[in-house]
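Breakdown of the fold
Each chain, written out:
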Amino acid sequence: MITPDERIQFSKIQSISFLFPRDYSKYEDNPKELQDNYETVRAVFNDDGVMCSGLELHPYRVYFDGNFVKTGGIRGVATLPSERNKGYVRKLFEYIMEEMYEKGYVFSYLFPFSYSYYRKFGYELNMNIVQCILPFSSLNHFRQFGKMELFLPHMDSSHIKSIYNQYIQGKNLALDLQSHWSMFHKEDLYASNIYLYTWYDKEGKAKGYLQYAIDRSDKSSSKPDMKLKEIIWLNGDAFRGMMAFLNSFASQFRNLIFMIPDHEDISLYFPEQKEIQQQIQAYGANRVVNVKKALKLMKTPAGSGKITIEIKDDFFPRNTGRYLIEWENGDKMVTSGRKEEPGLICGVHHLSQLITGYRTAAQLQMAGHIEVLDEIEVLNSLFPKKDLYILDVY
């Protein structure tokens, strides 16, 4: 961890590394403005005491199989160009892995510039999102019902927070309410032109919300696009009601652009699906920090069974070993250090995909990523496909 006064130095490293300009002269008289969240920064110094590389480790809580668990959100990994290829990033991840393990973290998540680069640290692709692009003309079949209400800073936010809490139930890796709210819903709507609306049904119950911004990045277009920073609906009526509300902006905007998790299917709500553009995108990499703890928290199937799995974690060997998983009628026991022959052999990065429900054992076996030595049906039952929800960029 760095000192408050060193925070500005890491910020400068990020500016140099990511090639974004920033005027630091305005902080000379008031350096405390750049000291926020200094405690999240981990840095490496060379023999001359010069900071060369760093990252931010943010403590979050995410949903996992009925519990909220500690997750390390990694962002802002940066190294001075002149100090690259000297192993500094590896040292940073060696340090934070020990730190997270000792502090009880279960997972760690990041949004990498390269999935292959961070795979060597045990991270693996763990979420797909679908980017939807709809011309506003495709919304004209929706008819308004219910009520949309603009959220203002002085208003009670409990209805919106309740919608989020209901929606993320059963969706692995979703941020808990406190973490999500602090990241998504903090802009001044008048200064930012970012607006948050809640949809209420005929009984006055809040069933959906959306947050939109104006995107004028396409200079060749006479109309801007509307980008939804977030849209959540608890039933079909909520989606239809919010689309009908957005249709009222048709004269002002060209396209409606938003992202949804890949288990949602908006084509069900449109009579002409050809008008909808949908693009699947990779959206972040997860890592199991503590294998035994994750296995203990994982849901097991109905009935009874047992299997030994062998996990290989070359970067963090404390996770390497054989684990016996036994379950019966909802009770579960996980024992490490076993000698039995395993029914599954896999790396820690593919365990992340299995345990969160992003991939099934059958999928990974077909691709040659795991070695299955037991009945594949047992593994498919133990590691079923599950819904995930990650739209918060750490």
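For the structure, check the block above.
Values in this document were obtained by computation on a predicted structure and should not be read as measured data. (Residues numbered from 1 in each chain as written. Predicted model: local features only at pLDDT ≥ 70, side-chain atom pairs only at ≥ 80, totals over all residues. Heavy atoms only, no water.)

**Points about the overall build of the protein**
For clarity, the threshold we go by: The helix and strand labels rest on DSSP assignments: H or I over at least four residues marks a helix, E over at least two residues marks a strand, and numbering proceeds from the N terminus. Only protein chains enter the area calculation, which uses a 1.4 Å probe; residues under 20% of their type maximum are buried, those over 50% are exposed, and those in between are partly exposed. It only takes one pair of heavy atoms within 4.5 Å for two residues to be counted as in contact.
Across its full length, the protein holds 11 helices and 18 strands. With respect to the principal axes defined by its C-alpha atoms, the protein has extents near 65 × 60 × 40 Å. Sorting the 394 residues of the protein into buried and exposed places 53% on the buried side. Sequence-distant contacts, at least 24 apart, represent 71% of the contacts inside the protein between residues at least 6 apart.

**Considerations on the packing of aromatic side chains**
Cut-off, in case you're wondering: Centres within 6.5 Å make a pair out of two Phe, Tyr or Trp rings, where for Trp the six-membered ring is used; the pair is then stacked when the planes are under 30 degrees apart, edge-to-face when over 60, and tilted otherwise. Whether a charge lies above a ring is judged from NZ of Lys or CZ of Arg, which has to be within 6 Å of the ring centre and within 35 degrees of the ring normal.
In the structure shown here, the tally under the stated rule is 31 aromatic pairs. Taking the centre distance of 5.7 Å and the plane angle of 90° together, the rings of Y117 and F121 count as edge-to-face. A relative accessible area of 1% means that F121 is categorised as buried. Here the aromatic rings of Y118 and F121 are separated by 6.0 Å at their centres, their planes lie at 65°, and the arrangement is edge-to-face. In this structure Y118 comes out as buried when scored by relative accessible area, which is 6%. A network of ring pairs unites the aromatic residues F93, F113, Y117, Y118, F121, Y123 and F315 as a single cluster. The positively charged end of K147 is found above the aromatic ring belonging to Y200, 5.3 Å away from the centroid. Here the basic side chain of K161 rests over the ring of W181, its NZ or CZ set 5.0 Å away from the ring centre.

**Section: unusual backbone geometry**
Backbone geometry places D65, a non-glycine residue, at a positive phi of 50°. By the secondary structure assignment, D65 is in the loop between strand 2 (51-64) and strand 3 (67-79). Even without being glycine, N193 reaches a positive phi, approximately 60°. Mapped onto the secondary structure, N193 falls in the loop between helix 6 (189-192) and strand 8 (195-200).

**Observations regarding the sheet that holds strand 17 (residues 344-347)**
Selection criterion: Here, any two strands with at least 2 DSSP bridges between them count as paired. Helix axes are fitted only over the stretch in contact, all axes being lines through C-alpha atoms; the angle between N-to-C directions runs from 0 to 180 degrees.
Within the open sheet, the 5 strands sit side by side as 16-15-14-17-18. Their pairing is mixed. Strands at the two margins of the open sheet, each flanked by one partner only, are strand 16 (331-336) and strand 18 (371-372). On the sheet, helix 9 (residues 348-356) packs against strand 14 (304-312) and strand 17 and is oriented at approximately 110° with respect to strand 17.

**Structural notes on the sheet that holds strand 8**
In space, the 7 strands of this open sheet follow the order 7-8-9-10-11-6-12, with mixed pairing throughout. Because the sheet does not close on itself, it has two edges, and the strands there are strand 7 (147-150) and strand 12 (277-282). Taking each pair of neighbouring strands and ignoring which way they run, the sheet shows an average axis angle of 25°. Pairing of strand 8 with strand 9 (residues 206-215) involves 6 bridges; the strand directions are antiparallel. Bridged to W199 within strand 9 is G208. Those strands touched by helix 7 (residues 236-247) are strand 7, strand 8, strand 9, strand 10 (225-233) and strand 11 (255-261), and its axis lies near 160° from that of strand 10.

**Things to note about helix 9**
Most of helix 9 sits out of view: 9 of its 9 residues are buried. When helix 9 is considered as a whole, its buried residues turn out to be V348, H349, H350, L351, S352, Q353, L354, I355 and T356. Downstream of helix 9 by one or two residues, G357 has phi in the positive range, about 90°.

**Considerations on the pattern of salt bridges**
Applied cut-off: The term salt bridge refers to a side-chain nitrogen of Lys or Arg lying within 4 Å of a carboxyl oxygen of Asp or Glu.
Applying the stated criterion across every chain yields a total of 18 salt bridges. Salt-bridge contacts for K86 lead to E83; the nearest nitrogen and oxygen are separated by 2.9 Å. Taking the relative accessible area as the measure of exposure, E83 reaches 14% and is therefore buried. The partner of R287 in a salt bridge is D313, and the shortest N-O contact between them spans 2.8 Å. Of this pair, R287 sits in strand 13 (residues 285-288) while D313 sits in the loop between strand 14 and strand 15 (321-328), and the two are 26 residues apart along the sequence. Residue R287 shares its accessibility class with D313, and that shared class is buried. Each of R7, E56 and R75 takes part in salt bridges that share partners, so that together they form one network.

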